[in-house]
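# Close look at the chain arrangement
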Amino acid sequence: MTSVALIVLDTLRKDAFDKHFQWLPGTNFENAYAPSHYTVPSHASLFTGLYPSETGTNANSHQFTAPSPPLARRLQGEGLETHAFSANVQISRQFGWDWGFDSYSGSWNSKHANATDNIFEWNAFIREHRDEGPKRYLKALWSCLSGDCDTIPSLKHGLEIKYRTHTVSDSGAQEGLSYVRGTDFADDAFLFMNLMEAHGPYRPPEEYRTVEFDEMPGFAESVQEEPIDKTYAETIRQAYDDSVRYLSEKYEAIFSELRDEFDYVITLADHGENLGENGIWGHGLGLYQELTHVPLSIWGMDDVETREEIVSLIDVHRTILGMVGVEDDRYEGRGRDLRSPVDHEPQLTEYLGLNMWREQKLEAAGKADEFSTYDRELYGIAAAENYYGYEDFDGSFVESGTALLEAPRNRMDELVDDLEYLEDADDIDVSDPVMERLEDLGYA
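Residues numbered from 1 in each chain as written. Predicted model: local features only at pLDDT ≥ 70, side-chain atom pairs only at ≥ 80, totals over all residues. Heavy atoms only, no water.

It is worth spelling out the overall build of the protein at this point. Looking only at helices and strands, the protein features 16 helices and 15 strands. Restricting to contacts in the protein with at least 6 residues of sequence separation, those with at least 24 account for 71%. Here the protein has roughly 18600 Å² of accessible surface; of this, 43% comes from carbon and sulfur atoms. (Helix = DSSP H or I, 4+ residues; strand = E, 2+ residues; numbered from the N terminus. Contact = heavy atoms within 4.5 Å. Areas by Shrake-Rupley, 256 points an atom, 1.4 Å probe, with all protein chains shown as cover.)

Attention now moves to the packing of aromatic side chains. Taken as a whole and assessed by the stated rule, the structure comprises 25 aromatic pairs. Between Phe47 and Phe101, the aromatic rings sit 6.3 Å apart at their centres with planes inclined by 55°, giving tilted as the arrangement. Of this pair, Phe47 sits in helix α2 (residues 39–48) while Phe101 is found in the loop between β3 (81–86) and β4 (103–106), placing the two residues 54 residues apart along the sequence. The burial state of Phe47 is the same as that of Phe101; both residues are buried. Ring centres 5.4 Å apart and planes at 75° place the aromatic pair Tyr202 and Tyr240 in the edge-to-face group. Of the two residues, Tyr202 sits in the loop between β5 (189–195) and α9 (219–223) while Tyr240 sits in helix α10 (residues 230–261), which places them 38 residues apart along the sequence. Exposure class is identical for Tyr202 and Tyr240. Each is buried. Taken together, the ring pairs connect Phe47, Phe64, Trp97, Trp99, Phe101, Tyr104, Phe190 and Phe192 into an aromatic cluster. Positioned above the aromatic ring of Phe213 is the side chain of Arg203, whose terminal nitrogen or guanidinium carbon lies 4.4 Å from the ring centre. (Phe/Tyr/Trp six-rings, centres within 6.5 Å; stacked < 30°, edge-to-face > 60°. Buried < 20%, exposed > 50% of the residue type's maximum accessible area, 1.4 Å probe, protein only. Lys NZ or Arg CZ within 6 Å of the ring centre and 35° of its normal.)

What the rule picks out here adds up to 18 salt bridges. Close ionic contact of Arg13 with Asp15 constitutes a salt bridge, the shortest N to O distance being 2.9 Å. Residue Arg334 pairs with Glu54 through a salt bridge whose shortest N-O separation is 2.8 Å. Placement of Arg334 in the loop between α12 (314–323) and β12 (347–352) and of Glu54 in the loop between α2 and α3 (71–77) is noted, with a sequence separation of 280 residues between them. (Salt bridge = Lys/Arg side-chain N within 4 Å of Asp/Glu carboxyl O.)

Pro201 follows Gly200 through a cis peptide bond whose omega is 20°. Within the secondary structure, Pro201 sits in the loop between β5 and α9. A positive phi angle, near 75°, is found at Thr11, a position not held by glycine. Structurally, Thr11 is set in the loop between β1 (4–9) and α1 (14–20). Among the residues examined, Thr11 registers a relative accessible area of 0% and is labelled buried. For Tyr202, which is not a glycine, the phi torsion comes out positive at approximately 55°. Tyr202 gets classed as buried once you look at its relative accessible area, which sits at 3%.

Let us now look at the nonpolar core. Of all hydrophobic cores here, the largest spans 80 residues; its most connected members are Phe190, Phe192, Tyr251, Leu258 and Ile266. Here this core takes 10 residues from α10, the largest share from any one element. (Core = buried A, V, L, I, M, F, W, Y, C linked by side-chain atoms within 4.5 Å.)

We now examine the sheet that holds strand β14 (residues 387–391). Strand order in the open sheet made by the 4 strands is β12-β13-β14-β15, with antiparallel pairing throughout. On the outer flanks of this sheet lie β12 and β15 (397–400), each paired with one strand and no other. Each neighbouring strand pair of the sheet contributes to a mean axis angle of 15°, computed without reference to strand direction. Sheet analysis places β14 next to β15, joined by 4 bridges and oriented antiparallel. Bridged to Gly389 within β15 is Glu399. (Pairing = 2+ DSSP bridges. Axes fitted to C-alpha atoms, helices over the stretch in contact; angles between N-to-C directions.)

Another point: the environment of Phe185. Along the chain, Phe185 turns up in the loop between α8 (173–182) and β5. Sequence separation between Phe185 and His83 is 102 residues; the distance between their C-alpha atoms is 8.6 Å.

Where α2 contacts α12, the two axes come as close as 6 Å, and the packing angle between them is 30°. By the angle between their axes, α2 is roughly parallel relative to α12. Two packed elements cross with a definite hand, and for α2 against α12 that hand is right-handed. On α12, the residues touching Ser45, Leu46, Phe47 and Thr48 of α2 are Ile314, Val316 and His317. Of the residues that constitute the contact of α2 with α12, the class distribution is 4 nonpolar, 3 polar and no charged. (Parallel < 35°, antiparallel > 145°, perpendicular 65-115°, else oblique. Left-handed = near helix turned anticlockwise from the far one by under 90°. Nonpolar A, V, L, I, M, F, W, Y, C, P; charged D, E, K, R; others polar.)

Written as structure tokens, this is what we have:
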């Protein structure tokens, strides 16, 4: 059998990848597209080979669902050990992403979302008692010891929070490196990792920072009428670049370990990032090419080359099944096996509305009456010769590149008509620590 590592470098733009990841060996896909604009739907497609609308996991339902057994469960059934390390609180046990994994862990900032123990909510307690000075720490300690939480894991997590807060600025990559080095992977194994260094708030370790800022712009700034200051915008772009530079250096060490352990290492981004283009910041809105055109590299194939076919992240699912020799064609999804050249088939992108917390953001920006403008379905299409077209919020169809197919918007509509929509799953109550982390990331 074969061992495969699937590494998601969350929020990494294609141009930033090209600038900082020239060291990465393997087959590079120049025209890879994410099926959606942010983390949750793109991961659902990676794990199923389906478009997000066909998985029931999207803007209004972060709970991972699928109409058939997802990738890890399929591989588990084939006898592979399945492991996961996620630094992203959205891709965690709490939202059902551990389906099919023998082990599922995460970084310090997603500890609550991935914990199997009942861990004391340190941050929530200290925030509630912040006006009481240093004695609040003693109160928190007593509450931990006398409460109904699991004491030892809770104490360890409390020490970890204090250590990370005062000495380390890292979104999980260093822990990811330690995880890879400390795990005894079987010969037949599947590893999934999500690393968050390129994601906001763009604060790499101090030695990598060339700029400082108070708060990064996001959803609220994207819907306001006045653009932000040009100097401030350049500062944010540089902060993003600093974060990617750090991610590249840290991932180079991780990749060095992975290539010794796995037959294949697949490196990709789940989506990109808007850095002020079209007045948009972050990845909460739209299907702009800065969001959907993503890096994809596969190490372990015979040829080390650059390939130009139009491909999608939905192809990764079928590719991994092919790598490990799964010949059962049930639940194969829509993707193609990228180990061999594929045709320039048009690929769809989907925007399925605002996530469940964005209405509050609009209210805060004084734009509550515009909720319906942004909470809608939009689609895009990627095709040969670097063509990309997408629907925008004003009803226009924005195009770039050369369209070799006739009437690309009509072809996009045909692809949309072929979708087999799955009803959104019921979502779950989010704990206070997880909600706090979602707020830190700009989602809530």
